[in-house]
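Topology and contacts: notes
The chain contents come next:
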Amino acid sequence: MTLDYHKNFCWEDVMSYAVRLGYRSHQTSTCGLHIHVNRDSFGLDRDKQDEVISRILYFVEHHWNEMLKFSRRSEYAMNRWAARYGYESSPKAIMDKAKKSYCRYVAVNLCNYHTIEFRLFRGTLKYNTFIATLELVAKICELAVLMDDDVISKISWSEFVSEIKEPELIQYLKERSLYINEKVEETEEF
């Protein structure tokens, strides 16, 4: 499914129905929101894909504190289900480290042949949080495709979020105090 497909799908109805049935997602320790992105979206061959994926890994590691806050996971849960590869000085260095890891339980899992899997996020039955999470992943991927290693290594979190135009993502970033130092009241998660 593309991001547009998700935005036009009946997720609000599905989530509302799940809440009415008593289902939980955020309010349990056993649920995560895992987002798969097709490797083909990063380039036509494996080398080009790995180059872009290395920038994604670098971005996640470079902005780990913001990603942790965005994820709504505790540090313990993150270490258990979506651990870091560890900060390195370049995208290539992080990719080299990631390729030596055969663990699925990392923030960006590379074990799948056709996709990479973002495992950072706590589950949710709140539509805005769901869409904002998809939009964040899309923005990180877009940045990694369009920018080179030098730009990725220099971009600050404030610069990254200042380019965001999607209302759901902006609202969520504000709720989590991750949007240019603005804070709004947080709504309840399900």
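Model, not experiment: these values are computed from the prediction. (Residues numbered from 1 in each chain as written. Predicted model: local features only at pLDDT ≥ 70, side-chain atom pairs only at ≥ 80, totals over all residues. Heavy atoms only, no water.)

1. Regarding the overall build of the chain
What the chain contains, in helices and strands, is ten helices and three strands. In the chain, the succession of α and β elements from N to C terminus is α-α-β-α-α-α-α-β-β-α-α-α-α. By principal-axis analysis of the C-alpha atoms, the chain measures approximately 45 × 35 × 35 Å. Looking at the chain residue by residue over its 190 residues, the buried ones come to 49%. Of the contacts made within the chain by residues no fewer than 6 positions apart, 68% connect residues no fewer than 24 positions apart. Carbon and sulfur atoms provide 51% of the accessible area of the chain, an area that totals close to 10100 Å². (Helix = DSSP H or I, 4+ residues; strand = E, 2+ residues; numbered from the N terminus. Buried < 20%, exposed > 50% of the residue type's maximum accessible area, 1.4 Å probe, protein only. Contact = heavy atoms within 4.5 Å. Areas by Shrake-Rupley, 256 points an atom, 1.4 Å probe, with all protein chains shown as cover.)

2. Overview of the nonpolar core
Counting residues in each nonpolar core, the largest one holds 56 residues, and the members touching the most others are Phe118, Leu120, Phe121 and Phe160. In terms of residues, this core owes the most to one element, helix α7 (residues 127-146), which gives eleven residues. Residues within four places of Phe118 in sequence aside, it is in contact with Leu33, His34, Ile35, Val37, Ile56, Ala107, Val108, Val137 and Cys141. (Core = buried A, V, L, I, M, F, W, Y, C linked by side-chain atoms within 4.5 Å.)

3. Topic: the layout of surface pockets
Taken as a whole, the largest pocket holds about 470 Å³ of empty space. Broken down by secondary-structure element, the contributors of at least two residues to the lining of the largest pocket are α1 (3-8), β1 (32-38) and α7. Broken down by element, the residue count for the lining of the largest pocket peaks at nine residues, all from α7. A class-by-class count of the residues in the lining of the largest pocket yields twelve nonpolar, six polar and four charged. (1 Å grid on protein atoms, 1.4 Å probe; cavity = no way out; pocket = protein on both sides within 12 Å on 5 of 7 lines; lining within 4 Å. Points joined across faces, edges and corners; volume = space filled by probe spheres on them. Nonpolar A, V, L, I, M, F, W, Y, C, P; charged D, E, K, R; others polar.)

4. Details of the pattern of salt bridges
Scanning the model with the defined rule gives 15 salt bridges in all. Asp50 is the partner of Arg39 in a salt bridge, and the nearest nitrogen-oxygen pair spans 3.8 Å. With Arg39 in the loop between β1 and α3 (46-62) and Asp50 in helix α3, this pair connects stretches of sequence that are eleven residues apart. Put simply, Lys97 and Glu88 hold a salt bridge, and the shortest N to O gap is 2.7 Å. (Salt bridge = Lys/Arg side-chain N within 4 Å of Asp/Glu carboxyl O.)

5. What to know about a nonpolar patch on the surface
A contiguous nonpolar surface patch, about 310 Å² in accessible area, is contributed by Val145, Leu146, Met147 and Val151. Looking at where Val151 falls in the secondary structure, it is placed in helix α8 (residues 149-154). Its relative accessible area of 35% is what places Val151 among the partly exposed residues. (Patch = residues over 30% accessible without salt bridge, like charges linked within 9 Å, V, L, I, M, F, W, Y side chains within 5 Å.)

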